[in-house]
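# Notes for the structure review
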Amino acid sequence: TESTALRVEVSSTTPGDRSAATGVSTTVAGDQSNNPTSTATSGDGAPESATSTAPNSSSAGDSSTDHIAVIGPVAGATGEFLFLREPTSNPDAECPSGHLGFRANDQDSIHIYQELGRLGFTRLEPGPRGQDALIDSCEESIEQVLIATSAGDGQPPTLQTFALGANWTMSFTQSELSWWGDVFAGWAAPTDNFSALDLVLFDTETGTVRSLAGKIGSWQSMWDSGYDYLLPSGWSTVVDPARGSVELTSGTGAVVIDIETLADAGETDGPIDGEPLDFFSDEIALWAAPDRGATATVFVSMQERLSWEWRVPSGTAVIYELQDAPVPVRITLTIDESASRDTTTLAFMVADLFRSHDAVG
């Protein structure tokens with residue numbers, strides 16, 4: 001409401017740089033000093049927890065001059081996120097000082113998330129299914145991640161805040177934070193072991209920053225064959241240690257993942273009844289070999305991964321090969337057309353999280 005929300009009256013503005021660098025000068029109604037800062041706490045070694053920010057808990061105050069830049073459109077509502085830089089902030093600084101705002105389409109007033117306190121460089125990562133994540137960073141350090149939920153058309157979304165620094169540290173660029181289906185995740189290092197890396201998600205169900213693998217399943221070691229793989233909860237496996245192969249099957253049987261060494265896999269001819277759809281190469285991590293029975297955690301370098309995709313009568317078949325790995329490996333995904341979206345996403349996660357070791361034995 002007008003009595004509780006900190007608002008900006010904008011008579012004439014134009015969209016600014018989407019990277020929230022500079023924008024239009026206007027008048028901000030509200031005291032922007034001594035704002036409370038939202039914090040997240042963690043106890044007994046648990047992952048960082050999140051706090052929720054209600055969209056109407058600001059208060060009015062004195063006026064000052066600010067600069068407004070458009071961060072990007074809101075996926076779950078009609079409007080856009082804004083960055084309001086303080087007038088004393090250095091425009092060339094790596095850590096600008098400002099506030100996050102929301103403006104509904106065709107409206108002059110701006111809602112400011114004053115309870116978040118001051119943010120640094122803020123970027124938007126729209127999700128593939130109408131989600132929004134905002135990344136607050138200073139130089140190469142990620143300070144916090146905000147996950148937005150819609151509060152209705154034209155209303156400011158509610159934000160769930162995930163602070164970093166207590167148990168996990170992120171010092172990567174925006175490109176290494178991304179949506180994995182319905183979850184937002186990125187590589188992070190435990191604060192007590194900077195040499196170890198893990199893919200963590202910002203879990204809106206539990207309000208914590210936690211290991212993605214721990215959320216969806218458990219790590220299994222094939223140490224003698226030079227790799228670790230993720231076994232999703234509810235999936236079954238058939239393991240052949242002599243051949244270094246594993247077959248994973250989803251609970252419904254709609255997805256099957258075969259992992260085998262190239263020495264036993266043969267040529268990549270594709271399914272006999274398959275129609276070629278795509279071929280590409282990308283990179284996947286190479287990990288330092290862990291102690292026997294443990295899971296690899298120390299990143300070494302990147303290695304090339306070749307990928308083929310076919311359309312088959314039952315659905316889709318995808319083959320990945322790590323031909324230059326110390327133990328070359330092939331991973332084959334057979335996805336029935338009846339597979340749910342979540343199961344299909346999970347199958348590709350298993351392939352992407354596969355950990356090939358840099359040495360064996």
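Anyway, here's the lowdown on the structure attached to this text. (Residues numbered from 1 in each chain as written. Predicted model: local features only at pLDDT ≥ 70, side-chain atom pairs only at ≥ 80, totals over all residues. Heavy atoms only, no water.)

### Considerations on the nonpolar core
In this structure, Y229, I257, I259 and L333 are the most contacted members of the largest nonpolar core, which totals 36 residues. Among the secondary structure elements, those contributing two or more residues to this core are β15 (198-203), α1 (212-216), β18 (227-232), β20 (245-249), β21 (255-261), β24 (315-322), β25 (329-336) and α3 (341-352). Those residues in contact with Y229 that sit more than four places away from it in its chain are S218, W219, Q220, M222, T237, V239, V246, L248, I259 and F354. (Core = buried A, V, L, I, M, F, W, Y, C linked by side-chain atoms within 4.5 Å. Buried < 20%, exposed > 50% of the residue type's maximum accessible area, 1.4 Å probe, protein only. Helix = DSSP H or I, 4+ residues; strand = E, 2+ residues; numbered from the N terminus. Contact = heavy atoms within 4.5 Å.)

### What about the pattern of salt bridges?
If you walk through the whole model with that rule in mind, you get 12 salt bridges. Between E205 and K215 there is a salt bridge, with the nearest N and O atoms lying 2.7 Å from each other. Of the two residues, E205 is situated in the loop between β15 and β16 (208-211) and K215 in helix α1; the sequence distance between them amounts to 10 residues. On the accessibility criterion, E205 (67% relative accessible area) is exposed. Among the salt bridges present, the one from E321 reaches R330, with a minimum N-O distance of 2.6 Å. The same class applies to E321 as to R330, namely buried. When salt bridges with common partners are traced through the structure, they connect D203, E205, R210 and K215 into a single cluster. (Salt bridge = Lys/Arg side-chain N within 4 Å of Asp/Glu carboxyl O.)

### Observations concerning the sheet that holds β24
Strands sit in the order β17-β18-β26-β22-β23-β24-β25-β21-β20-β19 across an open sheet of 10 strands; the sheet is mixed. Here the strands that pair on one side only, and so sit at the sheet edges, are β17 (217-222) and β19 (236-240). Across the sheet, the axes of successive neighbouring strands diverge by a mean angle of 20 degrees, strand direction being ignored. (Pairing = 2+ DSSP bridges. Axes fitted to C-alpha atoms, helices over the stretch in contact; angles between N-to-C directions.)

### Details of the environment of P290
Among the structural elements, P290 can be located in the loop between β22 (275-287) and β23 (299-312). Along the chain, P290 and S221 lie 69 residues apart, while their C-alpha atoms are 9.7 Å from each other. Residues within four places of P290 in sequence aside, it is in contact with W223, D228, T295, A296 and H357.

### A closer look at the packing of aromatic side chains
Overall, the coordinates contain eight aromatic pairs when judged by the stated rule. Here the aromatic rings of W179 and F184 are separated by 5.1 Å at their centres, their planes lie at 55 degrees, and the arrangement is tilted. Just as W179 is buried, F184 falls in that class too. With centroids separated by 5.3 Å and ring planes inclined at 45 degrees, the aromatic side chains of F279 and W308 adopt a geometry described as tilted. In this pair, F279 sits in strand β22 while W308 sits in strand β23, placing the two residues 29 residues apart along the sequence. Taking relative accessible area as the criterion, F279 reaches 47% and is therefore assigned partly exposed. We note R355 situated over the ring of W287; from NZ or CZ to the ring centre the distance is 4.0 Å. (Phe/Tyr/Trp six-rings, centres within 6.5 Å; stacked < 30°, edge-to-face > 60°. Lys NZ or Arg CZ within 6 Å of the ring centre and 35° of its normal.)

### A look at the pairing of strand β14 (residues 183-190)
In terms of burial, β14 is a largely internal element, six of the eight residues being buried. Relative to β14, strand β12 (residues 168-169) runs antiparallel, the two being bridged by two bridges. Looking across to β14, one finds that T169 is bridged to A189. Summarising the sheet, strand β13 (residues 177-180) and β14 pair through four bridges and their orientation is antiparallel. The partner of W180 across the bridge, within β14, is V183. Adjacent in sequence and paired antiparallel, β13 and β14 are bridged by two residues, among which G181 carries a positive phi angle near 65 degrees. Alignment of β14 against β15, held across four bridges, turns out to be antiparallel. Within the sheet, the bridge partner assigned to A185 lies in β15 and is L201.

Treat this as a map of the structure, not an account of what it does.
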